[in-house]
Amino acid sequence: MTTAAVRSAARPELLTLLGRTPVVRITAPLPGPHPGFWAKLEGLSAGGMKARAAVSMLMGARERGELRPGAPVVESTSGTLGIGLAFAGQALGHPVVLVGDSELEPSMRQLLRSYGVRLEIVDRPEPRGGWQAARLSRLRDLLAVLPDAYWPDQYNNADNTAGYASLAAELAAQLDHVDVLVCSVGTGGHSAGVIGPLRRHWPELRLIGVDSTGSTIFGQPARPRLMRGLGSSIHPRNVAYDAFDEVHWLGPAEAVDGCRRLARGSFVSGGWSTGAVARVAAWAARVQPGAVVATVFPDGPHRYLSTVYDDDFTTAHGVDPATAATRPVQLPHPYAAEATGWARCTRVTDPLTRPEGTGEDHSAHRAPRTGRAAADLPLDDVRP
């Protein structure tokens, strides 16, 4: 049974809680020693990292007249953006209706409903597009029956990207210099939103994308995915393909191992995305001595206590952190082989520009950056 979305007056004072998160130096073994990297702790902001995007999307829609005062906001979510929209809805005075799926954790369902969200749950994935497609199908049904409802369409909304300008500004103020930025990729919003402003500060900044095995964002075949919050079964148009220098795909074992090592060795940790980007950031710091590496931890660990940090859950899903890869397998291009564990590729392309039936891509490729990148190292140098 669903509950009605709670209508309440706007509380704009909540917006003062958005952002201004700290950065911390991470030196915990991931899985072995490394020189350290900087992590921005977005889990310490009200609503987490995606509250920045949620507020930006709703305010942009209001300014254009697409979202009327007090009108409902309807969106599909695997959880993280849902918290951000619950925050934005309360701050700006809009009821929020979210479409989740059967794999959404009970604790997250309870939390969203506690925030006054109306939650719709789909119980069957689509044969093509999986849970993501099923959620979007239900969302379109809701739009047909909810008058004046606004759908932000996080996957293709430029205001999603624009919402992370504040994140870029904070990083530029907090760190004197960054050589390598590591970003998880789901909707593509935060990587696209920070890389432009940061490259105006540091023109040679390299961007590494972190995706999930089974995600189709960077050209791999879509498969069922255990990890939530990164990866996609569709091709979000917010992804700035030409901005990436390389992409890494990681599996659940690597992410779980990364999260648990962070918790033991640095106290700060998070969920699937955090474990994955931490592992890649440690690798980047290790293979490029002297480089200043930074990443973003999108949220904290509390949502994941019954999944990432639960041995019964990981055992039931065949995830053994002890089997986590200690270094990536190199792929010559995204279509060369299916990544089933940690893999990396320095050829980043838009899959929708690839002619059917070929391994070729006709999209533009950005010129290599100066300096000795990890891609230029002998394979023997790319080691844990």
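Computed from a prediction, not measured in an experiment: that's the story for all the values here.

Attention shifts here to the overall build of the protein. Broken down by element type, the protein carries 10 helices and 11 strands. Taken over 384 residues, the protein has a buried fraction of 57%. Taking the contacts inside the protein whose residues are at least 6 apart along the sequence as the reference set, 71% of them involve residues at least 24 apart. Approximately 15700 Å² of the protein is accessible, and the part contributed by carbon and sulfur atoms is 54%.

With that out of the way, let us pick up the pattern of salt bridges. For the structure shown, the criterion picks out 21 salt bridges. Put simply, E170 and K40 hold a salt bridge, and the shortest N to O gap is 2.9 Å. Linking E170 in helix α6 (residues 165-174) with K40 in strand β2 (residues 37-41), this pair joins segments that are 130 residues apart in sequence. Side by side, E170 and K40 carry an identical accessibility label, which is buried. For R64, the salt bridge identified is with E66, shortest N-O distance 3.0 Å. Of the residues examined, R64 reaches a relative accessible area of 45% and is grouped as partly exposed. Accessibility expressed as a relative area gives 42% for E66, which makes it partly exposed. Within the structure, one salt-bridge network assembled from shared partners comprises K40, E42, R52 and E170.

Moving on, we come to the packing of helix α8 (residues 252-266) against helix α9 (residues 272-287). It is the contact of α8 with α9, at a shortest axis distance of 7 Å, that shows an interaxial angle of 85°. In terms of orientation, α8 and α9 fall into the roughly perpendicular class. Only W272, T274, G275, A276, A278 and R279 of α9 make contact with α8, whose side of the interface consists of P252, E254, A255, V256, D257, G258, C259 and L262. Per-class residue counts for the contact of α8 with α9 are 8 nonpolar, 3 polar and 3 charged.

Further remarks concern the sheet that holds strand β4 (residues 96-101). Strand order in the open sheet formed by 3 strands is β3-β4-β5, with parallel pairing between adjacent strands. Looking at the sheet topology across the chains shown, the edges are occupied by β3 (73-76) and β5 (118-122). The mean inter-strand angle of the sheet, taken between neighbouring strand axes irrespective of direction, is 20°.

Relative to each other, helix α1 (residues 50-64) and helix α2 (residues 80-92) sit at 50°, their axes nearing to 8 Å. One finds that α1 runs oblique with respect to α2. At the point where α1 passes α2, the crossing takes the right-handed sense. Together, K50, A51, A54, V55, M57, L58, M59 and R62 of α1 and T80, L81, G84, L85, F87, A88, G89 and L92 of α2 make up the contact between the two elements. For the contact of α1 with α2, the class distribution of residues is 11 nonpolar, 3 polar and 2 charged.

This next bit is on the sheet that holds strand β8 (residues 246-250). Spatially, β1-β2-β9-β6-β7-β8-β11-β10 is the arrangement adopted by the 8 strands of the open sheet, whose pairing is mixed. The sheet is open, and its two edges are formed by β1 (23-26) and β10 (329-330), each paired on a single side. For strand β6 (residues 180-184) and strand β7 (residues 206-212), the ladder comprises 5 bridges, and the chain directions are parallel. Bridge pairing in β7 places C183 opposite G209.

Before going further, it helps to examine the confidence of the model for the protein. In the predicted model, the protein carries a mean pLDDT of 90, and the fraction of residues at 70 or more is 90%. Confidence drops under a pLDDT of 50 for residues 370-384, and excluding neighbours within four residues, the segment shows 30 contacts in the predicted structure.

In this structure, E75 sits in strand β3. At 7.8 Å, R135 is the nearest oppositely charged side chain to E75, a buried residue that forms no salt bridge. Leaving out residues up to four positions away in the same chain, E75 has contacts with L81, L85, V97, L98, V99, L139, W151, P152, D153 and Q154.

So, about the nonpolar core. By size, the foremost hydrophobic cluster in this structure holds 60 residues, and its most contacted members are L198 and F218. If one sorts the elements of this core by residue count, α2 sits on top with 8 residues. Within the second largest apolar cluster, 36 residues are counted, among which are I26, A281, A282 and Y304.

With that settled, the discussion passes to α2. In this model, α2 (13 residues) spans 19 Å end to end at C-alpha, consistent with the 18 Å of a helix rising 1.5 Å per residue. Counting buried residues along α2, 12 of its 13 residues qualify, which places the element largely inside the surrounding structure. Within α2, the full set of buried residues consists of T80, L81, G82, I83, G84, L85, A86, F87, A88, G89, A91 and L92. Buried residues along α2 sit against α1, β3, β4 and α3 (106-114). Just downstream of α2 lies G93, where phi reads positive at about 80°.

Residue position: M108 is located in helix α3. It is 8.9 Å that separates the C-alpha atoms of M108 and I83, two residues lying 25 residues apart in sequence. If we skip the residues at most four places from it in the chain, M108 touches G79, I83 and R303.

With 15 residues, α1 extends 21 Å between its outermost C-alpha atoms, agreeing within 8% with the 21 Å of an ideal straight helix rising 1.5 Å per residue. Among the 15 residues that make up α1, 11 are buried, leaving the element largely enclosed by the rest of the structure. Within α1, the full set of buried residues consists of K50, A51, R52, A53, A54, V55, S56, M57, L58, G60 and A61. Contacts from the buried residues of α1 go to β2, β3, α2, α5 (158-162) and α6. Note on α1: the residue one or two positions beyond its end, G65, has a positive phi of about 80°.

Parameters and conventions
Residues numbered from 1 in each chain as written. Predicted model: local features only at pLDDT ≥ 70, side-chain atom pairs only at ≥ 80, totals over all residues. Heavy atoms only, no water. Helix = DSSP H or I, 4+ residues; strand = E, 2+ residues; numbered from the N terminus. Buried < 20%, exposed > 50% of the residue type's maximum accessible area, 1.4 Å probe, protein only. Contact = heavy atoms within 4.5 Å. Areas by Shrake-Rupley, 256 points an atom, 1.4 Å probe, with all protein chains shown as cover. Salt bridge = Lys/Arg side-chain N within 4 Å of Asp/Glu carboxyl O. Axes fitted to C-alpha atoms, helices over the stretch in contact; angles between N-to-C directions. Parallel < 35°, antiparallel > 145°, perpendicular 65-115°, else oblique. Nonpolar A, V, L, I, M, F, W, Y, C, P; charged D, E, K, R; others polar. Pairing = 2+ DSSP bridges. Left-handed = near helix turned anticlockwise from the far one by under 90°. pLDDT = per-residue confidence, 0-100. Lys, Arg positive; Asp, Glu negative; His and termini not counted. Core = buried A, V, L, I, M, F, W, Y, C linked by side-chain atoms within 4.5 Å. Expected span 1.5 Å × (residues − 1).

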